[in-house]
Amino acid sequence: QITTVSGNEFLLQSDIDFLILDWFHAIKNAIDRLPKERSCTSRNLEFKLRRSSSIELLNSLDTESKEPKPEHRKSLIFRLNYSASDTNDRSRVKSRLKKFISRRPSLKTLQEKGLIKDQIFGSHLHLVCEHEKSTVPQFVRLCIKAVEKRGLDVDGIYRVSGNLATIQKLRFVVNQEEKLNLDDSQWEDIHVVTGALKMFFRELPEPLFPYCFFEQFVEAIKIQDNATRIKSIRTLVKKLPRPNYDTMKILFEHLKKIAAKESVNLMSTQSLGIVFGPTLLRPEKETGNMAVHMLYQNQIVELMLSEYSKIFSSEED
């Protein structure tokens, strides 16, 4: 622990003895290189190795002021401490930690008491839906409603980035508060809303297209015959978990409305595929085929937008 005359404290910790000694010598050498009027003599430097395995470096040094003051000469203490507990000490620490952990309240208890709130961003889609007793997150519905109300004609909608600081602020509000009013003036920039919606899908621990479906969708988009390709994609979509299917359906219906305004907002199905492909669909483990995967990701989203009615139709073939 290093404490300066101004009250600043620095703590360096390690269980490795030789690393502690390296730090000690580095500090000592730095002190020795200081001008004589600001450094201490060897008589004022004390190195102790106690049975408790603590090393202390004491030095009366004023590192804060360029002109050393007498009252500061003895006010600065450098301490370098480390612990190397024996087997018994380690056993006692482990035992105490186990008791502490066993007495800790469960996450569910903390949530019930309101001490920990359920997060929207970064949570699994099915958990968000279970908490809200819905199959589509309320935040997704609110964003879509706001964009369709005031963003369909905006140039580059979903492609243009909003202010990141404001997006993060919106993210914080969503995670901390139950009610959200996207008509509030602070969310006036529609690109902030679209940015937050894309961030929600990016931060899902598992993408909207579950990992176990990734290769199946890629194989389906490779099919040469268009009718067979659409049928394969439709079959896979129907197999998705209910929250994934319902959220996907409402999102793609929304994006189809965006593409319908391409002449105004300049966002075609291809542009939307480029924006949403990697966000909604990605492999669990990245490989050397990232460029190829990205091409397929974009194509899958583009096809699902172009053939929305066939893929999401409730009618059986």
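In the annotation of an unreviewed UniProt entry, the entry for the chain reads Rho GTPase-activating protein 15, and the organism field reads Charadrius vociferus.

In terms of regular secondary structure, the chain is built from 15 helices and 5 strands. Long-range contacts, defined as pairs at least 24 residues apart, comprise 67% of the intrachain contacts of the chain with a sequence gap of at least 6.

Taking 1.5 Å as the rise per residue, helix α7 (residues 164–176) with 13 residues should run 18 Å; its terminal C-alpha atoms sit 18 Å apart, in good agreement. For α7, every residue scored as buried is listed here: Ile 167, Leu 170, Val 173, Val 174 and Asn 175. Buried residues belonging to α7 abut α6 (138–150) and α8 (190–202). Capping of α7 at its N-terminal end is provided by Asn 163; its side-chain oxygen lies 3.1 Å from the backbone amide nitrogen of Ala 165.

Another aspect to go through is the packing of aromatic side chains. As enumerated under the stated definition, the model contains 11 aromatic pairs in all. When the ring of Phe 252 is compared with that of Phe 312, the centres are 6.1 Å apart and the planes differ by 35°; the resulting orientation is tilted. One end of the pair, Phe 252, is in helix α11 (residues 242–260); the other, Phe 312, is in the segment after α15 (308–311), and 60 residues separate them in sequence. Neither residue differs from the other here; Phe 252 and Phe 312 are each classed as buried.

Right, let's get into the environment of Thr 166. Looking at where Thr 166 falls in the secondary structure, it is placed in helix α7. As for Thr 166 and Trp 187, which are separated by 21 residues in sequence, their C-alpha atoms are 7.9 Å apart.

Ranked by size, the top nonpolar core spans 67 residues in total, and within it Tyr 158, Phe 209, Phe 252 and Met 304 carry the most contacts. In this view, Phe 252 contacts Phe 209, Leu 280, Val 301, Met 304, Leu 305, Tyr 308 and Phe 312; residues no more than four positions away in its chain are not counted.

Close contact between helix α9 (residues 214–221) and helix α10 (residues 226–238) brings their axes to 8 Å; oriented N to C, the two are set at 165°. In terms of axis orientation, α9 runs roughly antiparallel to α10. In terms of crossing hand, the pair formed by α9 and α10 is left-handed. Together, Gln 216, Phe 217, Ala 220 and Ile 221 of α9 and Arg 229, Ser 232, Ile 233, Leu 236 and Val 237 of α10 make up the contact between the two elements. Its residues assigned to classes, the contact of α9 with α10 comprises 6 nonpolar, 2 polar and 1 charged.

Looking at the secondary structure, you find Ile 233 in helix α10. Considering only alpha carbons, one finds Ile 233 and Phe 312, 79 residues apart in sequence, at a separation of 9.9 Å.

What you tend to see is this: most non-glycine residues have negative phi, and most peptide bonds are trans. With phi around 55°, Lys 133 is a residue other than glycine that occupies positive phi space. Looking at the element boundaries, Lys 133 is found in the loop between α5 (125–132) and α6. Given a relative accessible area of 75%, Lys 133 falls into the exposed group. Phi at Leu 266 takes a positive value of approximately 60°, unusual for a residue other than glycine. With respect to the secondary-structure elements, Leu 266 resides in the loop between α12 (262–265) and α13 (269–280).

The next thing to look at is the packing of α7 against α8. Direction vectors running N to C along α7 and α8 enclose 60°, while the axes themselves pass 9 Å from each other. Taken together, the axis directions place α7 and α8 in an arrangement best described as oblique. Both α7 and α8 take part in a crossing whose hand is right-handed. Touching Leu 164, Thr 166, Ile 167, Gln 168, Leu 170 and Arg 171 of α7 are His 191, Val 192, Gly 195, Ala 196 and Met 199, all from α8. Looking at the contact of α7 with α8, its residues break down into 6 nonpolar, 4 polar and 1 charged.

Here His 254 lies in helix α11. Under the relative-accessibility criterion, His 254 is labelled buried at 0%.

What counts as what
- Within each chain, residues carry numbers counting from 1 in the order of the written sequence.
- It should be noted that, the model being predicted, local features are given only for residues of pLDDT at least 70 and side-chain atom pairs only at 80 or more, the latter also being counted only at that level, while totals for whole chains, interfaces and linings use all residues.
- To get the side-chain values, all heavy atoms of the structure are used, and hydrogens and water are removed first.
- Where helices and strands are cited, they refer to DSSP runs of H or I of at least four residues and of E of at least two residues respectively, numbered from the N terminus.
- In this analysis, two residues are considered to be in contact whenever any of their non-hydrogen atoms come within 4.5 Å of each other.
- By this rule the span expected of a helix is its residue count minus one, scaled by 1.5 Å.
- The buried label goes to any residue with under 20% of its type's maximum accessible area, the exposed label to any with over 50%, and the partly exposed label to all in between, with areas taken from a 1.4 Å probe on protein chains only.
- Whenever two N or O atoms come within 3.5 Å, that pair is a polar contact, provided that in protein one can donate a hydrogen and the other can accept it, and provided that, for residues adjacent in sequence, both atoms are side-chain atoms.
- Each aromatic pair joins two rings of Phe, Tyr and Trp (for Trp, the six-membered one) with centres within 6.5 Å, and gets the label stacked for planes under 30 degrees apart, edge-to-face for over 60, and tilted for any other angle.
- Remark: nonpolar core denotes a set of buried residues (Ala, Val, Leu, Ile, Met, Phe, Trp, Tyr, Cys) joined through side-chain atoms within 4.5 Å.
- Axes here mean lines fitted to C-alpha atoms, for a helix over just the part in contact, with angles spanning 0 to 180 degrees between N-to-C directions.
- Every angle not falling under 35 degrees, over 145, or within 65 to 115 is termed oblique; those three ranges are roughly parallel, roughly antiparallel and roughly perpendicular.
- Crossing handedness follows the turn of the near helix against the far one: under a right angle anticlockwise gives a left-handed crossing, and clockwise gives a right-handed one.
- When residues are grouped by polarity, Ala, Val, Leu, Ile, Met, Phe, Trp, Tyr, Cys and Pro land in nonpolar, Asp, Glu, Lys and Arg in charged, and all others, Gly among them, in polar.

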